[in-house]
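Here is how the chains run, residue by residue.
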Amino acid sequence: MHYLVGVDATPYSEKAVDTAIKMIDREKDSITLIHALEPSQGSIAKSVGEVYSDPQSAKKEKRWKTERKSVSHEVKQKYTDLCVSHQLSFKYVEKKGTPVEVISKISMKIKPDILVLGTRNLNVVQRLFIGSVSKYFVDNPPCPVLVVPFVHSNL
Amino acid sequence: MVNILVAMDDHEGSTRALEKAVEIMHKDRDHITLVHAIDVGMSGLVQAAAFVDPLTGDLSTAEAIDRSEKKKAAKGVKDKCATFCATHSIKYDYVEEYGAPIEVIQKTVERLHPSVLVMGTRSLNAFQRLIIGSVSTHFVQHAPCAVMVVP
């Protein structure tokens, strides 16, 4: 069986990965970890043709990009180490885009047997504005979706 | 040991949910429980409305017919599960209760503390989901355990 697990820099996805590792059959199953690198404000602006007029925003943009690179490197290191220590057959993929876009595209490509997601534990108002990745995939499941909550989990 | 709780109804979606639950479980290690809610709410009465006595407005015949239909359907689900689990040599517990699906599943989750709750989807379209609501979405947001939704 092929597990696809969505990861990000938060502890919520650690729970999801731990759960997937507990369920996985080391000899028969494989796991793909997908990290969506969300676009910054600047890159969204650039994509619609806006150009920076002031040097301050360009500097901010650059700082954001370097920060994001180091964070994504840490995340990659953390999860690859975890998979290696459990002797799993795994793949780590990083893609640019929003979590929903990235996970949708990769599920269409690799057709996993289970998609495992953590929750961001958003409250009702946050969910209204930010939107929920896990809710999207429960309502539009490309395959069986396992949603792992951050608290109270018995797994 | 992982405790798996699978919510069953008489739609095809829950058969797929059961198949998937069986696929992910480690047969010698994990324990599986199936829960079936027998819903004797208004929806069933509406279907049986043809049997309402036109003169007195008496619902009792309608209720009786609805209840026996529901009982038959429930037995069908129970038998289907028994056959499936026998084919795959799986030991399981079966919980059958009268009530609304959400309440019955909620109570069972609180009682058994499963590690994973597995459910199928009813293939409702967006509008239906808005009006009727989705059992699976409710549990993803409120369950104290991991929830697996099987399309």
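## Structural notes on the packing of aromatic side chains
All names here are of chain A.
- Scanning the entire structure with this criterion turns up two aromatic pairs over all chains.
- For the pair Tyr-12 and Phe-150, a centre-to-centre distance of 4.8 Å together with 90 degrees between the ring planes defines the contact as edge-to-face. Separated by 138 residues along the polypeptide, Tyr-12 in helix α1 (residues 11-23) and Phe-150 in the segment after β5 (145-148) bring together distant segments of the chain.
- According to the relative accessible area criterion, Tyr-12 is partly exposed, its value standing at 24%.
- The class for Phe-150 is partly exposed, based on a relative accessible area of 31%.
- Judged by centre distance (5.0 Å) and plane angle (90 degrees), the ring pair of Tyr-136 and Phe-137 falls under edge-to-face.

## Topic: the interface of chain A and chain B
- Taken together, the contact pairs 24 residues of chain A with 23 residues of chain B.
- Regarding the contact of chain A and chain B, the summed buried area is about 1,900 Å², with carbon and sulfur atoms giving 63% of it.
- Inspection of the chain A/chain B interface yields zero salt bridges.
- Between chain A and chain B we count four residue pairs in polar contact (both at pLDDT 80 or more) in total.

## Topic: the pairing of β5 of chain A
- Neither face of β5 of chain A is exposed, since Val-145 and Val-147 of chain A on one face and Leu-146 and Val-148 of chain A on the opposite face are all buried.
- Across four bridges, strand β4 (residues 114-118) of chain A lies against β5 of chain A in parallel orientation. Counterpart to Leu-117 of chain A in the pairing with β5 of chain A is Val-147 of chain A.
- Pairing analysis gives three bridges linking β5 of chain A to strand β5 (residues 146-150) of chain B, with the strands arranged antiparallel. When the sheet's bridge partners are listed, Val-147 of chain A is paired in β5 of chain B with Val-147 of chain B.

## Some words on helix α4 (residues 101-112) of chain B
All names here are of chain B.
- Compared with an ideal rise of 1.5 Å per residue, which puts 12 residues at 16 Å, α4 spans 16 Å between its outermost C-alpha atoms and is within 8% of the ideal.
- Among the residues of α4, those classed as buried are Val-104, Ile-105, Thr-108 and Val-109. Seen along its axis, α4 keeps its buried residues to an arc of 135 degrees; they face one direction.
- Tucked into the core, α4 has its buried residues touching β1 (3-8), β2 (31-38), β3 (92-98), β4 (116-120) and α6 (135-142).
- Of the residues one or two after α4, His-113 is the one with positive phi, at around 45 degrees.

## A word on unusual backbone geometry
Residue and element names in this part refer to chain B.
- Its identity as a non-glycine residue notwithstanding, Ser-89 has a phi of 50 degrees, on the positive side.
- Tracing the backbone shows Ser-89 in the loop between α3 (60-87) and β3.
- Its relative accessible area of 64% is what places Ser-89 among the exposed residues.
- One non-glycine residue with positive phi stands out, namely His-113, at about 45 degrees.
- You can see His-113 is positioned in the loop between α4 and β4.

Scoring rules and cut-offs
Residues numbered from 1 in each chain as written. Chains lettered and ligands numbered in written order. Predicted model: local features only at pLDDT ≥ 70, side-chain atom pairs only at ≥ 80, totals over all residues. Heavy atoms only, no water. Phe/Tyr/Trp six-rings, centres within 6.5 Å; stacked < 30°, edge-to-face > 60°. Helix = DSSP H or I, 4+ residues; strand = E, 2+ residues; numbered from the N terminus. Buried < 20%, exposed > 50% of the residue type's maximum accessible area, 1.4 Å probe, protein only. Contact = heavy atoms within 4.5 Å. Buried area = accessible area lost by both parts, 1.4 Å probe. Salt bridge = Lys/Arg side-chain N within 4 Å of Asp/Glu carboxyl O. Polar contact = N/O pair within 3.5 Å; in protein donor to acceptor, adjacent residues only side chain to side chain. Pairing = 2+ DSSP bridges. Expected span 1.5 Å × (residues − 1). Arc of directions from axis to C-beta.

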